Amino acid sequence: MRVIDLGGHSGCKILLCEEDDNNNVFVRKISSNNDYNKRLIIQAEKQKDFSTTHKNTLIKAPAVLSNGYTEQGLFYFDMEYVQGITMAEYMKNIEVGKVRSICETIVKNIVAKPDNQTEADESIFQNKIHSLKDKLAVKNNLIIDCALDMLKNHSWARFVKTACHGDLTLENIIVKDGQLYVIDFLDSFYDSWIMDISTIMQDVQTMWSYRYQDEVEINTTLRLMVFRDILMETVKENAPDDYIEVYYALLLKL
């Protein structure tokens, strides 16, 4: 079997594999260590569930083909290989008129329907806020303290649990022939579609998916601003009661 190391930023090993006998090409994701096995199993299950429930929609996930353990006891799973470009790259040249359809595709396939939701657990958020405060490198910063107070006093009741990608950034969305694929699912401290949308917003606001580039062209920045505004406009249209919650989740992430 021929293997190409695709790298990756999660610590896991990502390999592009081609079988010698039938030229079948697939991607194998291998856990970084034994302690990470449980997390990767959860990620594989997330991807498998998303792939199954979204197989006939405009946003999909590569199919999970098989899984197992290496001789070293590391969990791995094999998935369909999707040869496209990341949304981060796609945004550099996309026609502005197409941004709305992209946003509508993302929102309508990520925002959970009422029958796919379970009750929120607010204690998880309060514990998260408390742990963030303990980890602050700079203490007694007026702006940060104000932000933490806003988060602490906020009611998180609307953050119902739903299916959740966990790391929905522009570099984890692949565009191929007009079809969107989401990759690199992640286990997160709380699963909710609101967290997914806020992750995209965090990416756009901080230029996270462009962090390894020396410079980002102004036209790309302008497209991202349009994308941000239309994304939130679309969220407001589809989930008006939860629109403001995206901003609280964004503040928590920042």
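Data block above holds the structure.
Residues numbered from 1 in each chain as written. Predicted model: local features only at pLDDT ≥ 70, side-chain atom pairs only at ≥ 80, totals over all residues. Heavy atoms only, no water.

Caption draft 1: Examining the sheet that holds strand β3 (residues 25-30) more closely. Within the open sheet, the five strands sit side by side as β1-β2-β3-β6-β5. Their pairing is antiparallel. If you trace the sheet from one side to the other, it starts and ends with β1 (2-7) and β5 (64-69), each paired once. Across the sheet, the mean angle from the axis of one strand to that of its neighbour is 25°, orientation sign disregarded. In this structure, β1 lies alongside strand β2 (residues 13-18), joined through five bridges in antiparallel fashion. (Pairing = 2+ DSSP bridges. Helix = DSSP H or I, 4+ residues; strand = E, 2+ residues; numbered from the N terminus. Axes fitted to C-alpha atoms, helices over the stretch in contact; angles between N-to-C directions.)

Caption draft 2: Broad picture of the environment of D241. Mapping D241 onto the fold places it in the loop between α7 (218-238) and α8 (243-253). Linking D241 and R158, residues 83 residues apart in sequence, is a C-alpha distance of 8.7 Å.

Caption draft 3: View of the layout of surface pockets. By volume, the second largest pocket is sized at about 420 Å³. Lining the second largest pocket we find 19 residues, and of these F50, T53, H54, A163 and C164 sit closest to its centre. For the lining of the second largest pocket, the secondary-structure elements that each account for two or more residues are α1 (37-53) and α3 (99-110). Grouping the amino acids of the lining of the second largest pocket by side-chain chemistry returns seven nonpolar, six polar and six charged. (1 Å grid on protein atoms, 1.4 Å probe; cavity = no way out; pocket = protein on both sides within 12 Å on 5 of 7 lines; lining within 4 Å. Points joined across faces, edges and corners; volume = space filled by probe spheres on them. Nonpolar A, V, L, I, M, F, W, Y, C, P; charged D, E, K, R; others polar.)

Caption draft 4: Representation of the pairing of strand β8 (residues 173-176) within the structure. Bridge count between strand β7 (residues 85-86) and β8: two bridges; the pairing is antiparallel. Within β8, the position partnered with T86 by the bridge is I174. Pairing between β8 and strand β9 (residues 179-182): four bridges, direction antiparallel. Each bridged residue has a counterpart across the sheet, and for K176 the counterpart in β9 is Q179. What sits between the antiparallel neighbours β8 and β9 is a turn of two residues, in which D177 has the positive phi angle 55°.

Caption draft 5: Layout of unusual backbone geometry. Phi at N140 is positive, roughly 60°, even though this residue is not glycine. Considering the arrangement of structural elements, one finds N140 in the loop between α4 (122-135) and α5 (142-153). Residue N140 is classed as exposed on the basis of its relative accessible area of 72%. With phi around 60°, M207 is a residue other than glycine that occupies positive phi space. Here M207 is to be found in the loop between α6 (193-206) and α7. Note on M207: relative accessible area 21%, which makes it partly exposed. (Buried < 20%, exposed > 50% of the residue type's maximum accessible area, 1.4 Å probe, protein only.)

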